[in-house]
Amino acid sequence: MKKVLTIAGSDCSGGAGIQADLKTFSAFGTFGMSVITSIVAENTFRVIEIQDARVDMVEKQLIAIFEDIVPDAVKIGMLPSKEIMKCVADFLRKNDAKNIVIDPVMYAKNGCALMDVENIDTLIKEVIPLAYVLTPNIPEAEEIAKMKINNQEDMKKAAIKIHEMGCKNVLVKGGHSNEDVACDILYDGKEFYKFCVEKIDTKNTHGTGCTYSSAIASNLALGEKIEDALKISKDYITNAIKHSLDIGKGHGPTNHFYKFFK
């Protein structure tokens with residue numbers, strides 16, 4: 001069985017963060033493990049409080065994983081501080097971690113900041129160069145590339161800028177666009193690839209970024225090539241949204257196990 005590690009924050013309501021990641025890993029038949037970087041008291045409509053893990057505890061969790069069950073892929077989500085960013089980056093670099101998928105989490109679905117924007121320089125310097133795939137949505141790509149994105153041409157320009165920061169592949173996600181079609185644009189340093197689906201009219205999109213990036217990591221661990229991993233993952237997240245769960249008072253979660261239950 002292939003093993004996949006998530007390094008991310010905990011969402012006690014179960015729709016995003018490590019909870020979404022572990023559900024996604026399981027849906028693809030991989031063995032999921034987690035390193036918790038932050039405890040987030042949140043639900044479908046608000047974030048109540050955030051408490052970051054101690055840096056040494058993040059490192060000890062990483063040591064526990066890599067000395068025993070070395071992952072075939074690593075998904076990175078919420079890295080709330082410069083110290084945790086550097087700790088994670090240094091450890092993964094020293095241990096030659098493979099198939100690193102980074103979802104540069106900056107905001108919760110309700111708009112609450114999960115990362116101080118002042119930490120972006122550290123993210124760019126320490127973390128982004130580790131990425132085999134970086135998966136920013138449009139607001140995140142705007143922050144990283146320091147530019148406004150209004151259309152698909154802007155998405156391509158941002159992808160080029162971000163690729164120059166050292167990651168191997170950049171997937172700028174188009175779910176936040178004003179278009180009727182959600183187009184994600186992949187740039188591998190040479191060519192662009194588009195993955196487009198019709199937008200689904202639902203408010204229940206809590207944890208979509210976490211789920212999508214975890215699906216990509218799972219498929220890379222399973223040996224899929226980058227384009228195939230993205231196609232499979234795009235189909236998975238689209239159906240997870242299509243069969244989303246209308247629970248909670250705000251943005252309900254996606255349905256990670258839609259394939260197994262009617």
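Residues numbered from 1 in each chain as written. Predicted model: local features only at pLDDT ≥ 70, side-chain atom pairs only at ≥ 80, totals over all residues. Heavy atoms only, no water.

Novice: What is the right way to read the overall build of the protein chain from this model?
Specialist: When its secondary structure is counted, the protein chain shows eight helices and nine strands. Whereas a compact globule of 262 residues would reach a radius of gyration of roughly 18 Å, the protein chain reaches 17 Å, a difference of no more than 12%. Sequence separation of at least 24 residues holds for 67% of the intrachain contacts in the protein chain that already meet a minimum separation of 6. Put simply, the protein chain shows about 11,900 Å² of open surface, and 51% of that area lies on carbon and sulfur atoms. Taking the average location of the 32 positive side-chain charges in the protein chain and that of its 36 negative ones, the two points are 2 Å from each other. (Helix = DSSP H or I, 4+ residues; strand = E, 2+ residues; numbered from the N terminus. Rg over C-alpha atoms; globule rule 2.2 N^0.38 Å. Contact = heavy atoms within 4.5 Å. Areas by Shrake-Rupley, 256 points an atom, 1.4 Å probe, with all protein chains shown as cover. Lys, Arg positive; Asp, Glu negative; His and termini not counted. Charge placed at Lys NZ, Arg CZ, Asp CG, Glu CD.)

Novice: For this particular structure, what's the right way to read the state of the cysteines?
Specialist: Under the criterion given, the structure shown has one disulfide. The disulfide partner of Cys 183 is Cys 196, and the gap between their sulfur atoms is 2.0 Å. Torsion about the S-S bond of the Cys 183 and Cys 196 cystine: about 115°, corresponding to right-handed handedness. Taken as a pair, Cys 183 in strand 8 (residues 181–187) and Cys 196 in strand 9 (residues 192–198) lie far apart in primary sequence, 13 residues in all. Of the residues examined, Cys 196 reaches a relative accessible area of 38% and is grouped as partly exposed. Cysteine Cys 210 remains unbridged, with the sulfur of Cys 12 as its closest cysteine sulfur at 14 Å. Given a relative accessible area of 12%, Cys 210 falls into the buried group. (Disulfide = S-S within 2.5 Å. Buried < 20%, exposed > 50% of the residue type's maximum accessible area, 1.4 Å probe, protein only.)

Novice: How should I be thinking about the pairing of strand 9 in this particular structure?
Specialist: Regular strands place side chains that alternate from one sheet face to the opposite one. As defined by bridge partners, strand 8 adjoins strand 9 across seven bridges and the pair is classed as antiparallel. Within strand 9, the position partnered with Tyr 187 by the bridge is Phe 192. Between the end of strand 8 and the start of strand 9, which pair antiparallel, lie four residues, with Gly 189 showing a positive phi angle near 100°. (Pairing = 2+ DSSP bridges.)

Novice: Which parts of the structure should I look at to understand the environment of Val 4?
Specialist: Considering the arrangement of structural elements, one finds Val 4 in strand 1 (residues 3–11). The class of Val 4 is buried, set by a relative accessible area of 0%. Along the sequence, Val 4 and Phe 31 sit 27 residues apart, while their C-alpha atoms lie 6.1 Å from each other. Apart from the residues lying within four places of it in its own chain, the contact partners of Val 4 are Phe 25, Thr 30, Phe 31, Gly 32, Met 33, Ala 73, Ala 217, Ser 218 and Ala 221.

Novice: Honestly, the packing of aromatic side chains in this entry has me stumped. Any pointers?
Specialist: The relation between two aromatic rings is expressed through the spacing of the ring centres and the mutual angle of the planes. Overall, the coordinates contain five aromatic pairs when judged by the stated rule. Seen in terms of ring centroids, Phe 66 and Phe 91 are 5.3 Å apart; in terms of plane orientation they differ by 70°. Their pairing is edge-to-face. Taken together, the residues span a long stretch of sequence, with Phe 66 in helix 2 (residues 55–66) and Phe 91 in helix 3 (residues 82–94) at a distance of 25 residues. Within the aromatic cluster, the residues linked to one another by ring pairs are Phe 28, Tyr 236 and Tyr 258. (Phe/Tyr/Trp six-rings, centres within 6.5 Å; stacked < 30°, edge-to-face > 60°.)

Novice: How should I be thinking about unusual backbone geometry in this particular structure?
Specialist: The bulk of non-glycine residues show a negative phi, and the bulk of peptide bonds are trans. Although it is not a glycine, Asn 99 sits at a positive phi angle of roughly 50°. The residue Lys 146 is not glycine, and still its phi comes out positive at about 55°. Among the secondary structure elements, Lys 146 is positioned in the loop between helix 5 (138–145) and helix 6 (152–163). Given the relative accessible area of 57%, Lys 146 is considered exposed.

Novice: Explain the packing of helix 2 against helix 3 to me, please; I cannot follow it from the model alone.
Specialist: The relative placement of two packed helices comes down to the angle between their axes together with the axis-to-axis distance. The N-to-C vectors of helix 2 and helix 3 enclose an angle of 20°; their axes lie 9 Å apart at closest approach. In terms of axis orientation, helix 2 runs roughly parallel to helix 3. By crossing handedness, the relation of helix 2 to helix 3 is classed as right-handed. Residue-level contacts link Val 55, Val 58, Glu 59, Leu 62, Ile 63 and Phe 66 of helix 2 to Glu 83, Ile 84, Cys 87, Val 88, Phe 91 and Leu 92 of helix 3. Looking at side-chain class alone, the contact of helix 2 with helix 3 contains 10 nonpolar, no polar and two charged residues. (Axes fitted to C-alpha atoms, helices over the stretch in contact; angles between N-to-C directions. Parallel < 35°, antiparallel > 145°, perpendicular 65-115°, else oblique. Left-handed = near helix turned anticlockwise from the far one by under 90°. Nonpolar A, V, L, I, M, F, W, Y, C, P; charged D, E, K, R; others polar.)

Just geometry here; none of it tells us what the structure is for.
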